[in-house]
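Geometric and topological summary
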Amino acid sequence: MYTFIARRLLSTIPVLLVVAVLIFLMLRLTPGDPAAILAGDAASSEQIAEIRKSLGLDRSIPVQFGIWAGNLLQGEFGRSYFYKMEVTQLIAQRIEPTLALATLTILIAVVVSVPLGVIAAWRFGGWFDRALMGFSVLGFSLPVFVLAYLLIWLVSLKLGWFPVQGYKRLAEGFWPFLHHLVLPAITLSVIYIALIARVTRASVLEALGEDYIRTARAKGLPEARVLVRHALANAAVPIATVIGIGIALLIGGVVVTESVYAIPGLGRLTVDAVLARDFPTVQAVILLFSFAYVVVNLLVDLSYVVFDPRIRY
Amino acid sequence: MSVLEVRDLTIALPRYADRAQAASRVSFSVARGEILCLVGESGSGKSVIAQSVMGLLPRNLPVTGGAIVLQGEDITHASQQRLRELRATRMSMVFQEPMTALNPVMRCGAQLDEVLREHTALAGAERRRRILDIVREVRLPDPERMVESYPHQLSGGQRQRIMIGMALLLEPALLIADEPTTALDVTTQAQILRLIQDLQARHGMGVLFITHDFGVVAEIAHRVAVLRLGELVEIGARDEVLKRPRHDYTKMLIGSVPTLKPHARPADGTAPVVLATRGLSKTYRDRSWLSRHRDVPAALDVNLEVRKGQTLGIVGESGSGKSTVARCIVRLIDPSSGAVVIHGEDIAALPHRRLQPMRRRVQIVFQDPYRSLNPRRKVLDAIIEGPLNYGTPRAAAVLRARKLMELVRMDPESLDRYPHQFSGGQRQRICIARALAMEPELLVADEAVSALDVSVQAQVLELLEEIRERLHLAMLFITHDLRVAAQVCDHVAVMSQGRVVEYGPAAQVFGAPRHDYTRALFEAAPGRHFDFAPA
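Since the model is a prediction, treat every value here as computed from it, not as a measurement.

Conventions adopted
Residues numbered from 1 in each chain as written. Chains lettered and ligands numbered in written order. Predicted model: local features only at pLDDT ≥ 70, side-chain atom pairs only at ≥ 80, totals over all residues. Heavy atoms only, no water. Contact = heavy atoms within 4.5 Å. Buried area = accessible area lost by both parts, 1.4 Å probe. Salt bridge = Lys/Arg side-chain N within 4 Å of Asp/Glu carboxyl O. Polar contact = N/O pair within 3.5 Å; in protein donor to acceptor, adjacent residues only side chain to side chain. Helix = DSSP H or I, 4+ residues; strand = E, 2+ residues; numbered from the N terminus. Nonpolar A, V, L, I, M, F, W, Y, C, P; charged D, E, K, R; others polar. 1 Å grid on protein atoms, 1.4 Å probe; cavity = no way out; pocket = protein on both sides within 12 Å on 5 of 7 lines; lining within 4 Å. Points joined across faces, edges and corners; volume = space filled by probe spheres on them. Domains from an automatic or database assignment. Expected span 1.5 Å × (residues − 1). Buried < 20%, exposed > 50% of the residue type's maximum accessible area, 1.4 Å probe, protein only. Pairing = 2+ DSSP bridges. Core = buried A, V, L, I, M, F, W, Y, C linked by side-chain atoms within 4.5 Å. Axes fitted to C-alpha atoms, helices over the stretch in contact; angles between N-to-C directions. Parallel < 35°, antiparallel > 145°, perpendicular 65-115°, else oblique. Left-handed = near helix turned anticlockwise from the far one by under 90°.

Okay, the interface of chain A and chain B next. At the junction of the two partners, chain A supplies 23 residues and chain B supplies 27 residues. Together chain A and chain B conceal approximately 2300 Å² of surface at their shared face, both sides included; 59% is due to carbon and sulfur atoms. Its largest share of buried area at the contact with chain B, chain A owes to Arg214(A), Lys219(A) and Pro309(A), together 26% of the area lost on that side. Taken together, the links from chain A to chain B amount to 2 salt bridges. Of the charged contacts, one joins Glu114(B) and Arg225(A) as a salt bridge, the two residues approaching to 2.8 Å between their closest N and O atoms. Run the count over chain A and chain B and you get 12 residue pairs in polar contact (both at pLDDT 80 or more). Breaking the side of chain A that touches chain B down by element, the ones donating at least two residues are α1 (2-29), α9 (211-218) and α10 (223-260) of chain A. A class-by-class count of the residues in the side of chain A that touches chain B yields 7 nonpolar, 5 polar and 11 charged.

And the structure:
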């Protein structure tokens, strides 16, 4: 088990290396010159060359990569061209809103979708089941930004329940923090509710057809216990898998949601950094996302051991 | 007063079913201290009746008439709440598949504990004591460890004991056992049957025992009820029904039970050897990158011989290696060492390209006719696919397929139907036709009749015999069923733990078994001391 964890963590190294090379090349091989952007519209070509030199962008790509990789190994992610500060510091500032949004989103998604899926499976083919399946199609097909503006219009502007935009740090108090976060999290969670509810329904439905469900009923257990302790417990592995996939996909969703709700998180940072051709920032954020992705996958695999005693690593 | 009384019970089937009712006006009773066997072939409605008593029927199988009376209480239309109260306390059920009947993600102790939590107000320590008591009573070794185990850590027999323990925890008046030993090996089956008998005698409960196996009936029943297509055709004392059956259907069923006496056909010792294995072994390597690998021998030093026109039976329990040997001979898996000689050529290590021409000489028929035909291909395509691969022109292959259908006594016109339109027995005939289309010299039947009802089994066995005789085939017959082996084999090899422990002419092996394991196997065969009515 521990060797499994160690091996999986070791195997992240080649993954991150490939990601590092790819993102490094992609940034440099696509058009767009950070020096020109930094210098502004009125700058002369000498000024731009000057800036390029100061950023080290005048050297060949392999040399640039060597310097960056060497710094990385010492824990140096470089300085942001645009924000004029250490990238690590920049990420540290921006990570809280993103983590908070992602966590709340997944929390809402799981708490809502799993019971929905279980009930739909229990009442397979009934009105609840059909309604949920209909909702999930809608949830899949509605783009996040459309839903976001719709909810802002309805819940914030018309009903005035939640602020339209913005973010409050946790340090400024838990309730204001939550108050600002709820609407973006609901917006973002809709697609995950659709996804997780569908998978929960399918795998609980499969478990309900198993012999041990009949055994549980023959023991005289109430339906709630049959559903949760016997059906859901056996359906947990696919559900955990899809939640893991959801967390990974969330990274993409966060970018749009943060932009619409003006939340100063990593998603916004990524968009801004890409537009500004802020190479060190983009590289660092992408590496961080890939690392998070690998870790989430590892955690999902480890959760299988908890859910199913037959699985051993 | 009887524990259970079923009167004129009628259970409807959904509209699209092949008949209107799963059970039609079925009446029987189970007295205190009595074991009533409900016997029938698949589709006879025996399991449906059992589940209707427990109130476990799905909604599309409603009880439309009659009454189910449990200890004087009419529970035919009892509420779910009332049924839940009665389950496990007054009536319990044990199911067929111990492998799947227990929740795989819960410890056995916790699954037993659920019954006590739900139906009693006992404190934790008392519950634990009761659980350990029942685990001891169903004769499981090391009860402390058993209750901490997950189902997958136990053998099939041990799981079934846990199931029985769970059913008897609250000493119900009625135990329903739905084919509780069908999925078990014969020696385990004998133990479980004895256990059920002992517990029944000690607690004096009534048992409704559902089975398709007349050997089991002979072992365990006090009274027998025979079902056919949802109708009860005969009910009476065990000896009455088994020895002097009155209804034609009962007579036919009992007549279909293969006897344990081997047939007395002389085997020609000079016929050419079609298949010989020498030192055939298959070892699986249990790889784990932490610990050192462990070699698990599935078959060890197997030496067998099959002559033209003769049948060799490989008999053994699950895990004995009999299927491994069959698969090595067909080269579905590669043997680890040893030789598989077919007509003088060793195919054990032939590379796949050179193996190809050899393939058609050996054909195999598998156990489960429901899963061994591609559901999306017509029967004709399934049969001619092999010959077409070997270059037979389509017209010739189709012609041959029609002839083969006649040989396996099926209508050639049904060639353009799909597998799901046939019954299990018909599908197995199709599988046999498919194998024969390749004109093999050796036909391997891997538990080919084990999934079939006894009457269908008798027909398929007869068919295989006829084909072997007409085509002068060599046949390798793998089975766990000693009765079936006695019917068809000229020679028998008994396997245990990967080794052949006894090998010889069928008459000798059945008549005077030498090895302890063979004797134990025969001793465990249900109903072996019982004289069934002659066919």
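Residues and elements named next belong to chain B. Per the counting criterion, the structure on display carries 44 salt bridges over all chains. Of the charged contacts, one joins Glu-385 and Arg-377 as a salt bridge, the two residues approaching to 3.0 Å between their closest N and O atoms. Put simply, Arg-409 and Glu-466 hold a salt bridge, and the shortest N to O gap is 2.3 Å. Highlighted residues: Arg-409 in the loop between α15 (394-407) and α16 (424-436) and Glu-466 in helix α17 (residues 454-471), separated in sequence by 57 residues.

By volume, the second largest pocket is sized at about 1200 Å³. Classifying every residue of the lining of the second largest pocket by side-chain character gives 17 nonpolar, 9 polar and 8 charged.

This brings us to the domain arrangement of chain B. By a widespread convention, an interface's size corresponds to the accessible area lost as its parts come together. Residue and element names in this part refer to chain B. One can read the domain layout of chain B as domain 1 (2-256) and domain 2 (273-361 + 440-524). Summarising the inter-unit geometry, the C-alpha centres of domain 1 and domain 2 are found 35 Å apart. Between domain 1 and domain 2, the contact holds 11 residues from the first and 11 residues from the second. In this assembly, domain 1 packs against domain 2 so that about 1000 Å² is buried in total across both faces, 54% of it on carbon and sulfur atoms. Across the contact surface, domain 1 and domain 2 share 0 salt bridges. Our enumeration of links across domain 1 and domain 2 arrives at 5 residue pairs in polar contact (both at pLDDT 80 or more). Elements that contribute at least two residues to the side of domain 1 that touches domain 2 include exactly α8 (186-203) and α11 (248-256). If you tally residues by element for the side of domain 1 that touches domain 2, the top one is α8, at 4 residues.

To continue, consider helix α4 (residues 108-119) of chain B. Across its 12 residues, α4(B) extends 18 Å between first and last C-alpha, which sits within 8% of the 16 Å expected from 1.5 Å per residue. When α4(B) is considered as a whole, its buried residues turn out to be Cys108(B), Gly109(B), Gln111(B), Leu112(B), Asp113(B), Glu114(B), Val115(B) and Leu116(B).

Residue and element names in this part refer to chain B. Burial analysis of strand β13 (residues 311-315) places 5 of its 5 residues in the buried class, which makes it a mostly covered element. Of the two faces of β13, the one lined by Thr-311, Gly-313 and Val-315 and the one lined by Leu-312 and Ile-314 are each fully buried. Judged from the 5 bridges that link them, β13 and strand β18 (residues 474-479) form a sheet pairing that is parallel. Paired with Leu-312 across the two strands is Leu-476, which belongs to β18.

Here we come to the nonpolar core. All names here are of chain B. In this structure, Leu-4, Phe-28, Met-91, Ile-164, Leu-174, Ile-176 and Phe-209 are the most contacted members of the largest nonpolar core, which totals 93 residues. Among all residues touching Met-91, those that are not within four sequence positions of it are Val-53, Met-54, Leu-70, Ile-75, Leu-83, Leu-86, Pro-172 and Leu-174. One finds Ala-190, Leu-373, Val-460 and Leu-521 within the second-largest nonpolar core, a separate group that totals 55 residues.

A separate point is the sheet that holds strand β10 (residues 231-237) of chain B. Residue and element names in this part refer to chain B. Judged by pairing direction, the sheet is mixed, and its 6 strands sit side by side in the order β6-β7-β8-β3-β9-β10 without closing on themselves. One side of each edge strand has no neighbouring strand; the edge strands of this open sheet are β6 (91-94) and β10. Within the sheet, the average angular offset between the axes of one strand and its neighbour, ignoring direction, is 15°. Sheet analysis places strand β9 (residues 223-228) next to β10, joined by 6 bridges and oriented antiparallel. For Val-224, the partnering residue across the bridge sits in β10 and is Gly-236. Here helix α7 (residues 156-168) sits on the sheet and contacts β6 and β7 (174-178); the angle it forms with β6, its principal contact strand, is near 170°.

This part is about the packing of helix α6 (residues 127-141) of chain A against helix α8 (residues 174-208) of chain A. Residues and elements named next belong to chain A. Where α6 contacts α8, the two axes come as close as 8 Å, and the packing angle between them is 140°. One finds that α6 runs oblique with respect to α8. Helix-helix and strand crossings are classified by hand; for α6 and α8 the assignment is left-handed. On α8, the residues touching Asp-129, Leu-132, Met-133, Phe-135, Ser-136, Val-137, Gly-139 and Phe-140 of α6 are Val-190, Ile-191, Ile-193, Ala-194, Leu-195, Ala-197, Arg-198 and Arg-201. Along the lines of polarity and charge, the residues of the contact of α6 with α8 split into 11 nonpolar, 2 polar and 3 charged.

Before going further, it helps to examine empty space enclosed by the protein. By rolling a water-sized probe across the atoms, one finds the places where empty space is left. Applying the stated rule across the entire model yields 2 cavities of 30 Å³ or more. Lining the largest cavity, in full, are Thr215(A), Ala218(A), Lys219(A), Ala88(B), Ser92(B), Met93(B), Phe95(B), Val115(B), Met163(B), Met166(B) and Ala167(B). Put simply, the parts of the chain that give the lining of the largest cavity at least two residues each are α9 of chain A together with β6 and α7 of chain B. When its residues are assigned to classes, the lining of the largest cavity shows 8 nonpolar, 2 polar and 1 charged. Looking at the second largest cavity, its volume works out to about 30 Å³. Surrounding the second largest cavity, Gly139(A), Leu142(A), Val144(A), Leu147(A), Thr187(A), Leu188(A), Val190(A) and Ile191(A) form its lining. Listing elements by their share of the lining of the second largest cavity, those giving two or more residues are α7 (144-158) and α8 of chain A. It is α8(A) that provides the largest number of residues to the lining of the second largest cavity, a total of 4 residues.

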